[in-house]
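# Examining the three-dimensional arrangement
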Amino acid sequence: MDCSWQQLMHCFDPIALSVGSFQITWYALCFLLAWWSAYALFSYFEKKRDEHERLSEPKRESLFWWLLLAAFLGARLGYAFFYAPEYFLHHMSELFIPYDFEEHVWTTLRGMSYHGGLLGVGVGVLYWAKIHEVSWLSLGDKLALVAPVISFFGRIGNFFNQELPGKVTAMDWGMYFPEQVVLRHPVTLYSALLEGIFSLGIMLWGQKKFEQKGQLLWLYLLSYGGLRLIIENWREPDPGVSLFLDFFSRGQMLSFGMIFIAFFGWFFYSKRATIEST
């Protein structure tokens, strides 16, 4: 078997484990690895904070279990609403249950929206922060610092799932996706590098640069939104999803929303902090 760079996707199976018709994909394992890695990094940073700013280990565990559920629900609902509303309107059971009730076979849960997951996490943070009486902005800053780790493993999972093909390219680093006869941009790897590693570098820089509450959170939303706008230029539009003004993809439009929220939050809370300090 040819396992050169361009043929790499033909050298592995997206299914990591099968028991009868029940299957576990590499993406599912990467999703869990992403949250474990984010928790480990979050705990590392927490142990370096002053005691009055630090979350206890039981609270950290509670937070991440809660956000894991919120992210999953948000990502699935976001995918259904943003990318495939008509399909899931007639197959609502497939939203959260990997089972085809018509064919009576186990399937895989394909389709997780980053923006939907982010909305789910946002709601989860607001609820958890209120219950535990902590500042949601401070909590958002802490989570923003480790969010790129989740993006990194999530995109690696997309790569192993052999999904999200890029646009056709003549570049030597292009790849042949399954059932494709032309080279395409390995856009999931671009995303892993930019949304993951490069974004983490931005957040580590921001941690040293900004001290005001909320600024790391707004920086993450701004940087991710900007990077996603760029990456989408190499990504093949989602099937059945029309381009806005025949140019902007659904992911880009949602990223514009992130950037708007980031600018609004940055200036609104910066202004409020200035007024409160005078």
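Residues numbered from 1 in each chain as written. Predicted model: local features only at pLDDT ≥ 70, side-chain atom pairs only at ≥ 80, totals over all residues. Heavy atoms only, no water.

### Let's talk about empty space enclosed by the protein
This structure, assessed with the given rule, holds one cavity of 30 Å³ or more. Each pocket or cavity is described by its volume, and for the largest cavity that value is around 60 Å³. Along its surface, the largest cavity is lined by Arg 155, Leu 164, Val 187, Thr 188, Ser 191, Glu 195, Arg 228, Ile 231, Glu 232 and Arg 235. For the lining of the largest cavity, the element with the highest residue contribution is helix 6 (residues 187-209), accounting for four residues. Residues of the lining of the largest cavity, tallied by class, amount to three nonpolar, two polar and five charged. (1 Å grid on protein atoms, 1.4 Å probe; cavity = no way out; pocket = protein on both sides within 12 Å on 5 of 7 lines; lining within 4 Å. Points joined across faces, edges and corners; volume = space filled by probe spheres on them. Helix = DSSP H or I, 4+ residues; strand = E, 2+ residues; numbered from the N terminus. Nonpolar A, V, L, I, M, F, W, Y, C, P; charged D, E, K, R; others polar.)

### Describing the layout of surface pockets
Here the second largest pocket is characterised by a volume of approximately 680 Å³. The wall of the second largest pocket is formed by 24 residues, among which Arg 49, Glu 53, Ser 138, Asp 141 and Lys 142 lie closest to the centre. Broken down by secondary-structure element, the contributors of at least two residues to the lining of the second largest pocket are helix 1 (26-47), helix 5 (136-160) and helix 7 (215-231). It is helix 5 that contributes the most residues to the lining of the second largest pocket, five residues altogether. A per-class count over the lining of the second largest pocket returns eight nonpolar, seven polar and nine charged.

### Side note on the pattern of salt bridges
By the definition in use, this model includes seven salt bridges. Note that Arg 49 and Glu 46 form a salt bridge whose closest N and O atoms lie 2.6 Å from each other. Here Arg 155 makes a salt bridge to Glu 195, at a shortest N to O gap of 3.1 Å. One end of the pair, Arg 155, is in helix 5; the other, Glu 195, is in helix 6, with 40 residues separating them in the sequence. Here Arg 155 and Glu 195 have matching classes, each one buried. (Salt bridge = Lys/Arg side-chain N within 4 Å of Asp/Glu carboxyl O. Buried < 20%, exposed > 50% of the residue type's maximum accessible area, 1.4 Å probe, protein only.)

### Focus: the state of the cysteines
Following the criterion strictly, the structure yields one disulfide and no others. Covalently, Cys 3 is tied to Cys 11 through a disulfide, its sulfur atoms 2.1 Å apart. One quick way to see it: the torsion about the S-S bond of Cys 3 and Cys 11 is about -115°, and its sign makes the bridge left-handed. Residue Cys 3 is classed as partly exposed on the basis of its relative accessible area, which comes to 44%. (Disulfide = S-S within 2.5 Å.)

Note that all results are geometric; they support no functional claim without further evidence.
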